[in-house]
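For reference, the chains in residue letters:
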Amino acid sequence: MIKQYGEIFVCIYSDAANIIYNRITDPESGRSCYPDIFVRHGFKEAAVRDGALYAEAVAMQKKYGTSRCFFISAVSEEAADGFARVALAACDSCFKTFPSPDEKELERLCADMALSQTMKTSFRQLMRYCALTADAGEFMRTMRERYALPVSGKNEGKKIYEAVRTEILR
C-alpha cells in the first residue's frame, strides 16, 4: 500500500515489524535498488528480496524521486504515520534548499570508490544530506586519507560506502 504524506510517499510492505528497507532486490534478476534513508528514525534497517516490491520501488523512485520515497514494514498504522511524520519533518528543509557539495570532488570520490551508477546516485544524496548537517567539503577532503582511496575493487568500495553512510547517519 502506498500512502502520501505531504511531499513524501511511503510504501508499506507488510505488518511484520517496524522496518525500513535500505536495499530492495529482485530475486530473479539480482538487481537491487537502494532507497535514500537520510532521516533519523526508530525503525530497524534491513534488506528485502521481493520482485513485486522491487518493481514498485523502481516505479515510485522514477515518478517521485528517490528522496521522497520510503519503503517500510510497520506493525500498525500509527507506527507508519509516526515514521512518516518524522521523515516529513526531516525532509521539509531538504525540499526547500539543498546545498550542493563540490561536484568535481564528488565525481572523483565515486570513481575512487568504484561505485556502481545506483550507488553513485545514493552517495551523491548522502553527501547532500551531509552538507545539510555538517561541512561536506571537509568530510569529502578527509575521506581519501581515512579510507585509503582509491580502492582495488567494487566490494571494497561498497564497504567504504556503508561505513560513510553509517558515520553520517549516526
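Located above this text is the structure these notes cover.
Please read these numbers as outputs of a predicted model, since none were measured by experiment.

**Student:** Describe the side chain of Asp26, listing the residues and the values that go with them.
**Tutor:** Considering the arrangement of structural elements, one finds Asp26 in the loop between β3 (19-25) and β4 (32-33). Here Asp26 occupies a buried position and makes no salt bridge, while the nearest side chain of opposite charge, Arg31, is found at 7.4 Å. Side-chain polar atoms of Asp26 contact the side chain of Ser29, separated by 3.2 Å. Sequence-distant contacts of Asp26, that is, excluding residues within four places in its chain, are made with Arg31, Gly51 and Tyr54.

**Student:** Lay out the layout of surface pockets with the relevant residues and their values.
**Tutor:** One simple way to see leftover space: roll a probe sized like a water molecule over the atoms. The volume enclosed by the largest pocket comes to roughly 170 Å³. In terms of lining residues, the largest pocket is bounded by Cys33, Tyr34, Asp36, Val58, Gln61, Lys62, Thr66, Thr118, Thr121 and Ser122. Listing elements by their share of the lining of the largest pocket, those giving two or more residues are α1 (51-64) and α4 (117-133).

**Student:** Any details on helix α5 (residues 136-146)? Residues and values, ideally.
**Tutor:** For α5, the full list of buried residues reads Ala136, Phe139, Met140 and Met143. One side of α5 holds all its buried residues, which, seen down the axis, span an arc of 95 degrees. In α5, the exposed residues that point more than 90 degrees away from the buried face are Arg141 and Glu145. On the buried face of α5, the contacting elements are α3 (103-112), α4 and α6 (154-169). Just downstream of α5, Ala148 is the residue with a positive phi angle, here 50 degrees.

The rules we used
- Residues numbered from 1 in each chain as written.
- Predicted model: local features only at pLDDT ≥ 70, side-chain atom pairs only at ≥ 80, totals over all residues.
- Heavy atoms only, no water.
- Helix = DSSP H or I, 4+ residues; strand = E, 2+ residues; numbered from the N terminus.
- Buried < 20%, exposed > 50% of the residue type's maximum accessible area, 1.4 Å probe, protein only.
- Lys, Arg positive; Asp, Glu negative; His and termini not counted.
- Salt bridge = Lys/Arg side-chain N within 4 Å of Asp/Glu carboxyl O.
- Polar contact = N/O pair within 3.5 Å; in protein donor to acceptor, adjacent residues only side chain to side chain.
- Contact = heavy atoms within 4.5 Å.
- 1 Å grid on protein atoms, 1.4 Å probe; cavity = no way out; pocket = protein on both sides within 12 Å on 5 of 7 lines; lining within 4 Å.
- Points joined across faces, edges and corners; volume = space filled by probe spheres on them.
- Arc of directions from axis to C-beta.

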